[in-house]
Amino acid sequence: MSPDGIGQMAANELPREYSKLEECVLQRDQHGAQESYYNLLRAGRPKAEIMAEAVRIHAPYTHVPYHERIDDGFVNFVNNDHCLLSIRATVNLAKMMPPDLVDLPMAQSFWYMPTALDIWNQKILKAPGHYARGYEKKEGQPPPEPVVYWPDQEPKMLSGPLEERLNHWSTLVQRGEVIEAYSTFLGIMENPADRKQALAQLVFAGLMDVQDRALYNRSYTTGHKAYRARSTVEIGNAIGWEHAHPVLYAGALDIAVGPRWYSSYEMACNLITVFVDKERIAAIPMSGTSDTEKRMLTQTAPLSQQETEDLIDALIRQPEPAYIEAVAKLLHAGKGPRQILDAVQLAAAQVIVETRDENNFSIPQHCYEYCNTLGWFYDNFQHPQRLKLLFVAASFVNRDAWHQRETGDSDDSPIKAPAAAAGMTRDGLLDRVEGAILSFDSAEALAWTRAYLDSGEDRTPLVQRVAVAACRIGNDPHNQEIAQCTLEDFGKNKSWNTDRLMLAAVQHTTNHRKYGDPLDCSRRFGNAMGVERLQ
């Protein structure tokens, strides 16, 4: 029996509850959508089913015709969907929760979903939602129906070797042939034996799509194609690919939607020629992976402490091309690309730690999410082009660091533990960390986190406390996404001084811009599910 006495939902009521959920989402009714989520939890419905239905409901309405607008000669950015990214983050955050809060991360996804539809019209105040804060709701009138810009498609079956079909799909993506690319990818995914290689190519297509400018530029992808592709993979794996067509609709279609930015990746291709193969760039078209590149992909030697710090310095303190030369030198010294990427993640985390302006986390947070996603890509796929992506990540971090410096938002003051921390118990320190985060006092949160890290206590409880705090803060999925990425890497990054990753998780969770009442969703969850400490 659930806390409010509602028993198990009868099997024949299942479609009705999901229909009610869909109606609430389309009416932009956050409270109603949350109540449907609670009812599904009380009924003991499988988490995979709940996720699958959530994606099915939002998938048609979270696409845009283009991720840029030109309004009377002024270029404006059109944001990327975060419903799919939010659900992906919750799959991983649920593993970090205490038993009574396992369902809290997904509650944030359901709270956000009604505010996330039809971003294109939100941006011009023709639809309500997260991006339309100036939208005036007309009393007594329902909100406008969200627009379906790209209708779903049937699979298009092609003949020929898999690699040839994937290259054809990649060309369609590059040309922006959205419908043709999507239906072709659906056709490739029909064969279970081809799926892993196809999904690797999907994520690769996202990872190579990162524009080469940040300073004084608001129209940027910041790697979102990669995050959406990763979300497609992880959610598809979680619910089973036999049920995952809506996931492909929500995630794979967008990969070809413009604009597409390949100049950073093109640079990386040429860096392989010049710095890895030590050859001259020629006008003759090139392709594939060189022998030296293949050999370096097999390297696994770790970086020393000094090598790690030198690379971080080149990445975030020195102008280009210092970091290019540093990465190439490490590769030629036999260091592993994945091990180098661990150091790149530390550099990206350090930029977050040094950011102070709550409105200036956009580049740092997405840069870190890119580095985390690339690490996940290395760990899950053996894609032949992943060495090139290491240089893309390094260039992103360098661009990120200089963006912060040029906007006057880079404070590298040392973080010191409070004197009062001496002699405090483990739980006392944890309470101070969580309390400072939920009070949105970043200086205190960083100081108490420093104290816990210095205490020598088991770090697992700290991970849980920070994850719980991140999942209590709502109205923007970045609160969960970035914490999940940094905490994930805190657990698996093999560089020295990974404290930076925890400090980055705390700094972003505490100091990143908040909207409305950020604890509203978690309080409602506590009241509905009988979790007193959230009420």
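One can find the structure itself at the top, above this paragraph.
Residues numbered from 1 in each chain as written. Predicted model: local features only at pLDDT ≥ 70, side-chain atom pairs only at ≥ 80, totals over all residues. Heavy atoms only, no water.

**Remarks on the overall build of the chain**
For step 1, the next point in the chain: Per the secondary structure count, the chain includes 24 helices and two strands.
For step 2, the next point in the chain: Its C-alpha atoms give the chain a radius of gyration of 23 Å, within 12% of the compact-globule value 24 Å for 535 residues.
For step 3, the next point in the chain: Relative to its 535 residues, the chain shows a buried fraction of 60%.
For step 4, the next point in the chain: The long-range fraction of contacts in the chain, counting pairs at least 24 apart against all pairs at least 6 apart in sequence, stands at 77%.
For step 5, the next point in the chain: Counting only carbon and sulfur atoms, one obtains 49% of the accessible surface of the chain, whose full area is about 21500 Å².
For step 6, the next point in the chain: If you average the places of the 54 positive and of the 70 negative side-chain charges in the chain, the two averages end up 1 Å apart. (Helix = DSSP H or I, 4+ residues; strand = E, 2+ residues; numbered from the N terminus. Rg over C-alpha atoms; globule rule 2.2 N^0.38 Å. Buried < 20%, exposed > 50% of the residue type's maximum accessible area, 1.4 Å probe, protein only. Contact = heavy atoms within 4.5 Å. Areas by Shrake-Rupley, 256 points an atom, 1.4 Å probe, with all protein chains shown as cover. Lys, Arg positive; Asp, Glu negative; His and termini not counted. Charge placed at Lys NZ, Arg CZ, Asp CG, Glu CD.)

**Thoughts on a positive patch on the surface**
For step 1, the next point in the chain: On the surface, Lys 123, Arg 133, Arg 218 and Arg 513 cluster together into a positively charged patch.
For step 2, the next point in the chain: You can see Arg 218 is positioned in the loop between helix H9 (195–207) and helix H10 (224–239). (Patch = residues over 30% accessible without salt bridge, like charges linked within 9 Å, V, L, I, M, F, W, Y side chains within 5 Å. Salt bridge = Lys/Arg side-chain N within 4 Å of Asp/Glu carboxyl O.)

**Considering the state of the cysteines**
For step 1, the next point in the chain: In the structure shown here, the tally under the stated rule is zero disulfides.
For step 2, the next point in the chain: Take Cys 471: it sits in no disulfide, and the sulfur closest to it among the cysteines is that of Cys 521, at 9.9 Å. (Disulfide = S-S within 2.5 Å.)

**Observations regarding helix H8 (residues 178–189)**
For step 1, the next point in the chain: Spanning 12 residues, H8 covers 17 Å between terminal C-alpha atoms, matching the ideal 16 Å at 1.5 Å per step.
For step 2, the next point in the chain: Within H8, 10 of the 12 residues are buried, which leaves the element mostly enclosed by the surrounding structure.
For step 3, the next point in the chain: Residues Val 178, Ala 181, Tyr 182, Ser 183, Thr 184, Phe 185, Leu 186, Gly 187, Ile 188 and Met 189 constitute the buried set of H8.
For step 4, the next point in the chain: Contact partners of the buried residues in H8: helix H7 (162–175), H9 and helix H11 (245–251). (Expected span 1.5 Å × (residues − 1).)

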